[in-house]
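# Examination of the molecular architecture
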Amino acid sequence: ANFNAESALGVVVDPATGAVLAMASVPTCDPNAFGAAPPDARRNRPVTDMFEPGSIFKPFIASAAFSDGAVRWGEIFNCHNGAYPCRRGRVLHDSHPYGELTAEAVVYKSSNIGMAQMGERLGNERMYRIVRAFGFGSPTGTGLPGEVAGQVNPLRQWRQDSTWSVPMGQEVAVTGMQMVMAFSALANDGVLLQPRLVHAVVAPDGQIVADGSRPIAVGQVIDPQVARRFVQEVLGKVPTDGTGRNLAALDGWTSFGKTGTAQIAPYSSGQFTASYIGGALLNEPRLVCLISVRKPDKSIGYYGGSVAGPPVKSVLERSLAYLGVPRDCP
């Protein structure tokens, strides 16, 4: 409502177990009067709607580049002062011009140019494997009706432009549930989990008919030590020194996150999806939250940090307090 947006979605999960703690869509409807609501209000957007993620996708390519050895910690990237000429006349731009950035700063300051260079290091085949390993292009397995797989083009359809576009979250379409589970893998020592909606099914006599309390591992996506270091030294700087500065840092708890301001195709439309995905605590992640807002009014604001960062901050703070998680910073 603050940004006069078309729609929004939100998901909160426990990254260590895959438990989905909260899920919301706007516009929404009263489940007791489901048939009276318009079709647009009935969708469970975190699983039914797919969108180009933009910069919230960068951590997956970058963390895998560190894990594979394609990028070194502390390595310097030339970000060409905000304009990077590619072949066939294509020029990549950053929202703020940067000269030299460390590999870590490429992510937390969200340089498209630095990420494109990481894509060149990895190459399309490795990037395709990374994207699929994080769960994109497949349903997450919630069992909810209408869940879609998102869109990851077959490798044979990837071109040179894909090498630059995919690392900055273009040419792929994701669901909110895919995003929050993939980001949770980074917070879970690189292990991707299946989302779980039901803790248990209990019969009237108290017997457990189905036990859904155990985490279901999909696979080890990246090296555990790299995942841990990436959260602490890269994503942990987004709320304090990066694109979420002064907008998403929590009061009393350490946190980590990533902003995303994705153009909606056709890119000439001037419309955006503004997202922030964040988690807490930094050393022992307890929660991950994604909020994504589609088509906010540009005259009010459209950057992911300013549109979605503050509500993620609010959700995490209230949730940590509700769960009784001790504060870990002043």
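Scroll up a little and you will see the structure.
The rules behind the values
Residues numbered from 1 in each chain as written. Predicted model: local features only at pLDDT ≥ 70, side-chain atom pairs only at ≥ 80, totals over all residues. Heavy atoms only, no water. Helix = DSSP H or I, 4+ residues; strand = E, 2+ residues; numbered from the N terminus. Rg over C-alpha atoms; globule rule 2.2 N^0.38 Å. Buried < 20%, exposed > 50% of the residue type's maximum accessible area, 1.4 Å probe, protein only. Contact = heavy atoms within 4.5 Å. Pairing = 2+ DSSP bridges. Axes fitted to C-alpha atoms, helices over the stretch in contact; angles between N-to-C directions. Core = buried A, V, L, I, M, F, W, Y, C linked by side-chain atoms within 4.5 Å.

## Examining the overall build of the chain
Counting its regular elements, the chain contains 12 helices and 16 strands. Its C-alpha atoms give the chain a radius of gyration of 19 Å, within 12% of the compact-globule value 20 Å for 330 residues. Seen along its three principal axes, the alpha-carbon backbone of the chain occupies a region of about 65 × 45 × 45 Å. Residues classed as buried in the chain amount to 52% of the 330 residues present. Taking the contacts inside the chain whose residues are at least 6 apart along the sequence as the reference set, 67% of them involve residues at least 24 apart.

## Things to note about the sheet that holds strand β8 (residues 151-152)
Strand pairing in a sheet relies on backbone hydrogen bonds. The paired strands run either parallel or antiparallel. Strand order across the open sheet formed by 3 strands is β3-β9-β8, with antiparallel pairing between neighbours. Since the sheet does not close on itself, it has two edges, and those belong to β3 (50-51) and β8, each with one partner. Across 2 bridges, the pairing between β3 and strand β9 (residues 172-175) is antiparallel. Residue pairing across strands places Met50 opposite Thr175, the latter belonging to β9. Against the sheet, helix α8 (residues 176-187) touches β3 and β9, its axis set at about 85° to β9.

## Comments concerning the side chain of Asp14
Take Asp14: it is sitting in the loop between β1 (7-13) and β2 (20-26). Once you skip the residues sitting within four places of it in the chain, Asp14 turns out to touch Ala19, Leu21 and Arg286.

## As for the nonpolar core
Side chains of a nonpolar character, in soluble globular proteins, are inclined to be buried together. Grouped together as the largest cluster of nonpolar side chains are 92 residues, with contacts concentrated most on Phe57, Phe60, Phe134, Phe136, Val180 and Leu186. Considering every element that reaches this core, the biggest residue donor is α8, with 9 residues. Beyond its immediate sequence surroundings of up to four residues, Phe136 is in contact with Phe57, Phe60, Val131, Val152, Val174, Gln178, Met179 and Ala182.

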